[in-house]
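What follows is each chain in one-letter form.
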Amino acid sequence: DAKTTQPPSMDCAEGRAANLPCNHSTISGNEYVYWYRQIHSQGPQYIIHGLKNNETNEMASLIITEDRKSSTLILPHATLRDTAVYYCIARSSNTGKLIFGQGTTLQVKP
Amino acid sequence: EAGVTQFPSHSVIEKGQTVTLRCDPISGHDNLYWYRRVMGKEIKFLLHFVKESKQDESGMPNNRFLAERTGGTYSTLKVQPAELEDSGVYFCASSQDQRAGHGYTFGSGTRLTVV
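What counts, and at which threshold
Here the residue index of a chain counts from 1 through its sequence in written order. Here the convention is simple: chains get letters from A, ligands get numbers from 1, in the order in which they are written. Reporting in this predicted model follows two pLDDT cut-offs: at least 70 for local features of residues, and 80 or more for side-chain atom pairs to be given and counted; totals over whole chains, interfaces and linings ignore these cut-offs and use all residues. Only heavy atoms go into the side-chain values, all of them from the structure, while hydrogens and water stay out. A pair of strands is considered paired only if DSSP assigns at least 2 bridges between the two. Strands here mean DSSP runs of E at least two residues long; helices mean DSSP runs of H or I at least four residues long; both are numbered from the N terminus. The axes used here are C-alpha line fits, helices contributing only the stretch in contact, and every angle between their N-to-C directions lies in the interval 0 to 180 degrees. Per-residue accessibility, obtained with a 1.4 Å probe over protein chains only, is compared with the maximum for each type, and a residue is labelled buried under 20%, exposed over 50%, and partly exposed between these values. Contact criterion: two residues are considered in contact whenever any of their non-hydrogen atoms come within 4.5 Å of each other. For this text, the term disulfide refers to a pair of cysteine sulfurs within 2.5 Å. Take the buried residues of types Ala, Val, Leu, Ile, Met, Phe, Trp, Tyr and Cys, join any two whose side-chain atoms come within 4.5 Å, and each joined set is a nonpolar core.

(A) Structural view of the sheet that holds strand 4 (residues 45-50) of chain A. All names here are of chain A. Spatial strand order, 1-9-8-3-4: five strands in an open sheet with mixed pairing. Every interior strand has two partners, whereas the edge strands, strand 1 (9-13) and strand 4, have only one. The sheet shows a mean angle of 25° between the axes of neighbouring strands, direction not considered. As judged from the five bridges shared by strand 1 and strand 9 (residues 104-109), these two strands associate in the parallel manner. Bridged to Met 10 within strand 9 is Leu 106.

In structure tokens form, the structure reads like this:
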């Protein structure tokens, strides 16, 4: 699975959009980009995933560049409850396992 | 729909003792995964069951760890004998389909402390 690179930490003002970047320059054609988050000591929570096209669900939007070497997770209106560690993971369809990195610690401030 | 349930939520045992962690996946989910985070480290994959079969156990750290999933329903992870470095949070996750394109649902984890 491709290695992903994320900034270690980011801040965001409450009510503003949070844009979390991820680099995955070695991603292969059959690897999806997944985003999970871990709030405090809870289990990781699935947010969204995509392959080539941009995706949106009730939680977030995922923007993947045309060359697929990077992506951005967008939380459109961040709340204090969105404070968490966000993980960007590249996973192929050939394996069931997720490889977690250090993630980005997002701090949403009032 | 009930989520992934893990038991116990916390366990404190002495070095050399045995501990068994249990995971109940979402009903109907054939795929079950174990992960763990030890102090200061990243979340690491341990193994993957498809029904009762071990699909991938490449992340199991050593033979002190034994995972089972009899009948393809709930799973247990036994640590025997426990060592200090086994302390951490053990997560279980399940999914209906292994294919990429499906997210996993994680449980809240079992916090294991070996003293």
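(B) Just the environment of Leu106(A), in detail. Residues and elements named next belong to chain A. Relative to the elements of secondary structure, Leu 106 occurs in strand 9. Leu 106 gets classed as buried once you look at its relative accessible area, which sits at 1%. Residues Leu 106 and Glu 55 lie 51 residues apart in sequence; the distance between their C-alpha atoms is 21 Å. Setting aside anything within four residues of it in sequence, one finds Leu 106 in contact with Met 10, Asp 11, Cys 12, Ala 18, Leu 20, Leu 75, Asp 82, Thr 83, Ala 84 and Tyr 86.

(C) Examining the state of the cysteines more closely. Residues and elements named next belong to chain A. Going through the model one piece at a time under the given rule, you end up with two disulfides over all chains. Here Cys 22 pairs with Cys 88 through a disulfide, and the sulfurs are 2.1 Å apart. Because the torsion about its S-S bond is -80°, the bridge between Cys 22 and Cys 88 counts as left-handed. With a gap of 66 residues between them, Cys 22 in strand 2 (residues 18-23) and Cys 88 in strand 8 (residues 84-92) connect regions that are remote in the sequence. Of the two residues examined, Cys 22 and Cys 88, each falls in the buried class. The cysteine Cys 12 is free of any disulfide, with Cys 22 supplying the nearest cysteine sulfur at 18 Å. Accessibility expressed as a relative area gives 8% for Cys 12, which makes it buried.

(D) A look at the pairing of strand 2 (residues 10-13) of chain B. Residue and element names in this part refer to chain B. Residues Ser 11 and Ile 13 line the buried face of strand 2, whereas the alternating positions His 10 and Val 12 sit on a face that is not buried. Relative to strand 11 (residues 110-114), strand 2 runs parallel, the two sharing four bridges. Paired with Val 12 across the bridge in strand 11 is Thr 113.

(E) Spotlight on the nonpolar core. Formed by 23 residues in total, the largest nonpolar core has its most connected members in Trp35(A), Leu73(A), Tyr86(A) and Leu106(A). Contributing elements (two or more residues each) for this core: strand 2, strand 3 (31-38), strand 4, strand 6 (61-64), strand 7 (70-75), strand 8 and strand 9 of chain A. Top element by residues in this core is strand 8 of chain A. It accounts for four residues. Among all residues touching Tyr86(A), those that are not within four sequence positions of it are Gln6(A), Leu20(A), Trp35(A), Tyr36(A), Arg37(A), Ile47(A), Leu73(A), Leu75(A), Gly103(A), Thr104(A) and Leu106(A). Ranked by size, the runner-up nonpolar core spans 21 residues in total, among them Val4(B), Leu46(B), Ala67(B) and Cys92(B).

(F) Examining the pairing of strand 5 (residues 44-50) of chain B more closely. Residue and element names in this part refer to chain B. Taken across its seven residues, strand 5 has five buried, putting it largely inside the fold. Pairing between strand 4 (residues 31-38) and strand 5: six bridges, direction antiparallel. The residue of strand 5 that forms the bridge with Leu 32 is Phe 49. Here strand 4 folds back onto strand 5, and the loop between the two strands holds five residues, one of which, Gly 40, carries a positive phi near 75°. Where strand 5 and strand 6 (residues 53-56) come together, three bridges link them in antiparallel fashion. Looking at the pairing, Phe 49 lines up with Lys 54 of strand 6. Following strand 5, the chain reverses through two residues before pairing antiparallel with strand 6; Lys 51 in that reversal takes a positive phi of roughly 55°.

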